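Examination of the molecular architecture
Here's the letter readout for the chains.
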Amino acid sequence: MELEFALDGVETDEAYPVRIADCGLRNTARGDARPTKTPNSEIILDWSPMVEAILADVQRGVSVGIISAKFHNALAEAIVAVAKRAGQNRAMLSGGCFQNRYLTERAVRRLQAEGFRPYWHQRVPPNDGGIALGQVVAALRQKE
């Protein structure tokens with residue numbers, strides 16, 4: 001939350017680098033040496049370039065607001081990159097990190113700009129409140 005609050009008044013499209021690797025599935029029965037990429041292949045995010053860049057910015061005395069913006073922008077760009085690799089035109093944004101207004105709005109805008117149809121919590125909170133609502137619905141259905 002502190003990083004989100006540090007964004008107050010900061011505007012930048014800069015983002016820290018995040019490496020993304022597609023890891024295909026190996027067919028060991030056929031002895032394939034190269035991975036085969038499928039829609040279900042793993043996608044691994046390598047955060048080390050971002051961490052190194054953040055540490056370098058801290059050493060250079062870059063403001064916390066700029067570091068925060070670049071960090072949040074990197075997360076949004078990683079979301080877009082993963083969505084592209086998933087091969088679907090829809091992207092679902094859920095979980096406690098999407099209580100962060102800046103991250104949610106940035107991710108939604110970037111996904112839309114890239115031609116995706118993003119879905120995100122608008123009436124039900126993305127964290128424990130949403131889980132509690134789901135538990136109530138499940139309990140009511142069991143009662144029927």
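Look up: the structure comes first, before these words.
No experiment lies behind these values; they were computed from the predicted model shown.

Focus on helix α4 (residues 101-113)
The end-to-end C-alpha separation of α4 is 18 Å, in line with the 18 Å expected for 13 residues at 1.5 Å each. Each element contacted by the buried residues of α4 is listed here: α3 (64-86), β3 (90-93) and β4 (117-120). The N-terminus of α4 is capped by Asn 100, whose side-chain oxygen sits 3.1 Å from the backbone nitrogen of Tyr 102. Positive backbone phi, at 90 degrees, marks Gly 115, one or two positions downstream of α4.

Thoughts on the pairing of β4
Pairing analysis gives four bridges linking β3 to β4, with the strands arranged parallel. The residue of β4 that forms the bridge with Leu 93 is Trp 120. Between the parallel elements β3 and β4, the chain passes through α4 in a crossover that is right-handed.

Considerations on the nonpolar core
By size, the foremost hydrophobic cluster in this structure holds 13 residues, and its most contacted members are Ile 79, Leu 93, Phe 98, Leu 103, Ala 107 and Leu 111. For this core, the elements supplying multiple residues, two or more each, are α3, β3 and α4. In terms of residue count, the dominant contributor to this core is α3 (five residues). Met 50, Ala 53, Ile 67 and Ala 74 belong to the second-largest nonpolar core, a separate cluster that totals six residues.

What to know about the packing of helix α2 (residues 48-60) against α3
Interhelical geometry of α2 versus α3 gives an angle of 170 degrees and a closest axis separation of 11 Å. With respect to α3, the element α2 is oriented roughly antiparallel. Between α2, through Met 50, Ile 54, Asp 57 and Val 58, and α3, the contact on the second element is made entirely by Ile 67, Lys 70, Phe 71 and Ala 74. Here the contact of α2 with α3 is built from residues that sort into six nonpolar, no polar and two charged.

What to know about the side chain of Ser 68
Along the chain, Ser 68 turns up in helix α3. Among the polar contacts listed, one links the side chain of Ser 68 to the backbone oxygen of Leu 3, at a separation of 2.4 Å. Not counting the four nearest positions on each side in its chain, Ser 68 is found in contact with Leu 3, Glu 4, Ala 6 and Leu 7.

Topic: the pattern of salt bridges
Throughout the structure, instances matching the rule amount to eight salt bridges. A salt bridge links Arg 110 to Glu 77; its shortest N-O distance comes to 2.6 Å. In this pair, Arg 110 sits in helix α4 while Glu 77 sits in helix α3, placing the two residues 33 residues apart along the sequence. Relative accessible area serves as the criterion here: at 29%, Glu 77 is assigned to the partly exposed category. Close ionic contact of Lys 84 with Glu 114 constitutes a salt bridge, the shortest N to O distance being 3.3 Å. Note that Lys 84 is positioned in helix α3 and Glu 114 in the loop between α4 and β4, a separation of 30 residues in sequence. Among the residues examined, Lys 84 registers a relative accessible area of 47% and is labelled partly exposed.

Procedures and definitions
Residues numbered from 1 in each chain as written. Predicted model: local features only at pLDDT ≥ 70, side-chain atom pairs only at ≥ 80, totals over all residues. Heavy atoms only, no water. Helix = DSSP H or I, 4+ residues; strand = E, 2+ residues; numbered from the N terminus. Expected span 1.5 Å × (residues − 1). Contact = heavy atoms within 4.5 Å. Polar contact = N/O pair within 3.5 Å; in protein donor to acceptor, adjacent residues only side chain to side chain. Pairing = 2+ DSSP bridges. Right-handed = clockwise from strand over helix to strand, strands pointing away. Core = buried A, V, L, I, M, F, W, Y, C linked by side-chain atoms within 4.5 Å. Buried < 20%, exposed > 50% of the residue type's maximum accessible area, 1.4 Å probe, protein only. Axes fitted to C-alpha atoms, helices over the stretch in contact; angles between N-to-C directions. Parallel < 35°, antiparallel > 145°, perpendicular 65-115°, else oblique. Nonpolar A, V, L, I, M, F, W, Y, C, P; charged D, E, K, R; others polar. Salt bridge = Lys/Arg side-chain N within 4 Å of Asp/Glu carboxyl O.

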